[in-house]
Amino acid sequence: MKCGVYVHIPFCRAKCDYCSFYSIPFDPRSADSKDLLTTYINRIVDEIVSFATIHDNCTIDTIYFGGGTPSLVDAAHLSAILATIRNAFQVTDECEITIECNPEDCTFETISSLVDIGANRITLGVQNVFSSFRSHIGRASNADVMRALEIFFSVDGFIRCVDYIVGIPGQTGILLRNELRYIIQYSPQHISAYLFTVEPGSPYHVRHTAPIDFDDTQLSLFDEAIDMFSAFEYTQYEISNFARDGFQSRHNSKYWNWEPYLGFGAGAHSFFNGIRWHNPTDVFGYINAAESILDNRSIGHQKAEYVLCVLRRSDGLSFQNFSSTFHTCIPDHMMNAIDRHCSMGTLERRHKEGDSTIRLTRAGIHVMDSVVYDLTEGFL
Ligand code: SF4
């Protein structure tokens, strides 16, 4: 069975004010941090080996190191994990191997070492180019992003991806276009653009009250970003992901396509043989835990989640694929909601080669949560 592997590295130099992901502080100069990291990496290696002992029929075609901050970790540690995966499973020759990198770790040596250990795709977490935005949202890193971009694009031998945050309060259309132009001049093959979200309870949330027109402004900025990417030949293949031809993320597409993946490390999720499970989120809980946690979902919840995932893709939802996945046709309550949203202009329906597909329109992307809710509430 073809399968992706996700490896979670939940360590960060410091916590960014807006971030709601679990991560723990890591100081590369501290012996305690280094010891903890070594224990953690060893635990991941053990987890991979134990899983492969029972399931030896997986062929791995994508590997993704995410975080947290994977680029904080010595390349030798990441290489040890890659070697374990290669020994434990069959790994395809053209396996996509992605590593996330923070701008402050982006030196010529670091990027070269990631390429040397086998990374063929690196994602630079630019988030914003201008330092005023970065300090406004309490981004822990005060890296010189312009310098990081210069270095990132001076190393050869991998697919260059950039992460960007749209809609930080204070951003205007002109500032957005200036930042995107600055990034696009380097011609990354892939750009992920996420709307800035304020997580309740985060330090940023405590410090700031969102402006009254925050949502509308964000959506119009996101529309501007989509138009700009399109003008520079980036195709929106998923709501937040834009790629030049042939450079879509094969690993992340597995999540949206409902394909199997294995997650290793604290808090990592897996979906394999139709079963979902996850590891304890807490690093120490993960290191000491014998068991992962089974994620039992009713068939209704599975259908709802399927709709949510596949509708994020520009290909949308195929009726045939829904039927072959769940061995049942699309039920009446969902068909009625589809008809309603098609007439409202938030969904569009197409017929091709005996199949029907639905996909979100631009207006539908703006209200995606309510479209998905209407389509799936009968499942829940
Ligand atoms: S570096 Fe990324 S994962 Fe770490 S705290 Fe900042 S936003 Fe969160």
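Residues numbered from 1 in each chain as written. Predicted model: local features only at pLDDT ≥ 70, side-chain atom pairs only at ≥ 80, totals over all residues.

**Structural notes on the domain arrangement of the protein chain**
Domains assigned within the protein chain are domain 1 (2–255) and domain 2 (299–379). Averaged C-alpha coordinates put domain 1 and domain 2 at centres separated by 29 Å. Listed per partner, the contact involves 6 residues of domain 1 and 6 residues of domain 2. Sorting elements by how many residues they give to the side of domain 1 that touches domain 2 places strand β9 (residues 235–238) first, with 3 residues. Residues of the side of domain 1 that touches domain 2, tallied by class, amount to 4 nonpolar, 1 polar and 1 charged. (Domains from an automatic or database assignment. Contact = placed C-beta atoms within 7 Å. Helix = DSSP H or I, 4+ residues; strand = E, 2+ residues; numbered from the N terminus. Nonpolar A, V, L, I, M, F, W, Y, C, P; charged D, E, K, R; others polar.)

**Focus on the nonpolar core**
V5, I60, I85, I122 and V166 are the most contacted members of the largest nonpolar core, which totals 76 residues. Leaving out residues up to four positions away in the same chain, V166 has contacts with L176, A193, Y194, L195, F196, L221, F222 and A225. Grouped together as the second largest cluster of nonpolar side chains are 15 residues, V310, L317, I365 and V371 included. (Core = buried A, V, L, I, M, F, W, Y, C linked by C-beta atoms within 7 Å. Buried ≥ 20, exposed ≤ 12 C-beta atoms within 10 Å, placed from the backbone.)

**Some remarks on the site of the ligand**
Inspection of the region around the ligand gives 11 residues, with C12, K15, C16, C19 and F21 positioned closest. In terms of residue class, the shell around the ligand is made up of 5 nonpolar, 5 polar and 1 charged. (Near = placed C-beta within 6 Å.)

**Concerning helix α3 (residues 108–116)**
Those residues of α3 that sit buried are T110, I111 and L114. Viewed along the axis of α3, the buried residues span an arc of 95°, placing them on a single side of the element. Of the exposed residues in α3, those oriented more than 90 degrees away from the buried face are F108, E109 and D116. Buried residues along α3 sit against α2 (75–88), β5 (90–101), β6 (121–127) and α5 (145–152). Of the residues flanking the end of α3, it is G118, one or two places downstream, whose phi is positive at about 125°. (Arc of directions from axis to C-beta.)

**Remarks on the sheet that holds strand β15 (residues 317–318)**
Spatial strand order, β15-β17-β16: 3 strands in an open sheet with antiparallel pairing. The open sheet has two edge strands, β15 and β16 (347–352), and neither has a second partner. As defined by bridge partners, β15 adjoins strand β17 (residues 355–360) across 2 bridges and the pair is classed as antiparallel. Paired with S318 across the strands is T357, a residue of β17. Sitting on the sheet, helix α13 (residues 332–344) is in contact with β16 and β17, with an inclination near 110° to β16. (Pairing = 2+ DSSP bridges. Axes fitted to C-alpha atoms, helices over the stretch in contact; angles between N-to-C directions.)

**Points about α2**
The first and last C-alpha atoms of α2 sit 20 Å apart over 14 residues, in line with the 20 Å expected at 1.5 Å per residue. Every buried residue of α2 is accounted for by A75, H77, L78, I81, L82, T84, I85 and A88. On its buried side, α2 packs onto β1 (2–9), α1 (31–54), β4 (59–67), β5 and α3. (Expected span 1.5 Å × (residues − 1).)

**Topic: the pairing of strand β13 (residues 275–278)**
As judged from the 4 bridges shared by strand β12 (residues 269–272) and β13, these two strands associate in the antiparallel manner. Paired with H269 across the strands is H278, a residue of β13. The pairing of β13 with strand β14 (residues 293–294) spans 2 bridges and is antiparallel. Within the sheet, the bridge partner assigned to H278 lies in β14 and is I293.

**What to know about the environment of E233**
Mapped onto the elements of the fold, E233 is located in the loop between α8 (214–231) and β9. Taking C-alpha positions, E233 is 6.2 Å from R244, a pair spaced 11 residues apart along the chain.

**Some thoughts on unusual backbone geometry**
In this model, G67 is joined to G68 through a cis peptide bond whose omega is 15°. Relative to the helices and strands, G68 resides in the loop between β4 and α2. The backbone phi angle of Q127 is positive, close to 65°, even though this residue is not glycine. Within the element layout of this structure, Q127 appears in strand β6. Using a count of 22 C-beta atoms within 10 Å as the deciding quantity, one classes Q127 as buried. Despite not being glycine, W258 has its phi angle at roughly 70°, a positive value.

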